[in-house]
Structure formats: C-alpha cells, structure tokens
Amino acid sequence: MVDVYSLELGFYALLAFVLLAVKIFAFVSSLTFSTESYVAAGKLTKPSWTILLGLAVALQVLFLNSPVGILNLIFTIAAIVYLVDVRPAMAGLRRR
C-alpha cells in the first residue's frame, strides 16, 4: 500500500523537475537572442535577463530540496514572464 508521504515526495520531485526544466528552457532561450533584440522589443537588457534566469537555474540546482520556497517562486515567476512576454516579443522581431 502506498502511503501519503511517498506520494507527497513524488509530487514534489515532479514539481521540482518541471520547474527546473522551465527555467533551463527560459535561460537557454535568453542566450539565443541578440542584445539588439532586447532593446528593439523594449524589454530589459540581455545581461539582465540572462543573469536573472541563470540565478534561477543555479539556485534551484543548489537547493533542489525546496521546490516551493519563496526565492524559487520568485524566479519561477520571472521565467514565466520571460517566456510569456519577452520571448514572443523578440520572436516577432525575427519574423519581420
């Protein structure tokens, strides 16, 4: 019989893996655009986004045991903002 504790641990492990994958994808994506793309889209600079997202990945790797900590939540929101707002704005510049 499966106890609740092992289900909870499995859920947190899955959550940590998904959050780490989102942050890694956002970080790698931030490296692929040029500095001029960030300026043309009217967003934060490339160094700002890469440092922010790099810190997000590094802190989650270092503190993997806490996927729902406050810093992890803040950096997850930053990665989601990048993926939902910044990345599409710069991708639209490439198509023109």
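Summary of the structure given here. (Residues numbered from 1 in each chain as written. Predicted model: local features only at pLDDT ≥ 70, side-chain atom pairs only at ≥ 80, totals over all residues. Heavy atoms only, no water.)

1. Points about helix 1 (residues 4-32)
The line we're drawing: Each helix is a run of DSSP H or I of at least 4 residues and each strand a run of E of at least 2, with the numbering of both proceeding from the N terminus. What a helix should span is 1.5 Å times the count of its residues minus one. The classification of residues rests on relative accessible area computed with a 1.4 Å probe and restricted to protein chains. Under 20% of the type maximum is buried, over 50% is exposed, and intermediate values are partly exposed.
The end-to-end C-alpha separation of helix 1 is 42 Å, in line with the 42 Å expected for 29 residues at 1.5 Å each. Those residues of helix 1 lying buried are Ala16, Leu19, Leu20, Lys23, Ala26, Ser29 and Ser30.

2. Side note on the packing of aromatic side chains
Operational definition: Ring pairs are drawn from Phe, Tyr and Trp, using the six-membered ring of Trp, whenever the two centres fall within 6.5 Å, and their geometry is named by plane angle: stacked under 30 degrees, edge-to-face over 60, tilted for the rest.
Under the definition given, this model contains two aromatic pairs. Here the aromatic rings of phenylalanine 11 and tyrosine 12 are separated by 5.9 Å at their centres, their planes lie at 55°, and the arrangement is tilted. On the basis of relative accessible area, phenylalanine 11 is assigned to the exposed category, the value being 51%. Between tryptophan 49 and tyrosine 82, the ring centres sit 5.5 Å apart and the planes meet at 55°, which makes this aromatic pair tilted. Taken together, the positions of tryptophan 49 in helix 3 (residues 46-62) and tyrosine 82 in helix 4 (residues 70-95) put the pair 33 residues apart, joining distant regions of the chain.

3. Observations regarding the nonpolar core
Note that soluble globular proteins tend to have their nonpolar side chains buried in a common cluster. Filter applied, for reference: The set of buried Ala, Val, Leu, Ile, Met, Phe, Trp, Tyr and Cys residues whose side-chain atoms join them within 4.5 Å is what this entry labels a nonpolar core. Should any heavy atoms of two residues lie within 4.5 Å, those residues are considered in contact.
Counting residues in hydrophobic clusters, the biggest one holds nine residues: Ala26, Phe33, Tyr38, Trp49, Leu53, Ala79, Tyr82, Val86 and Met90. Contributing elements (two or more residues each) for this core: helix 3 and helix 4. Residue contacts for valine 86: discarding those within four places in its chain leaves Tyr38, Lys43, Trp49 and Val81.

4. Concerning the side chain of serine 29
Note that serine 29 resides in helix 1. Owing to a relative accessible area of 6%, serine 29 belongs among the buried residues under this scheme. In this structure serine 29 touches Tyr82 and Arg87, once residues within four positions along its chain are discounted.

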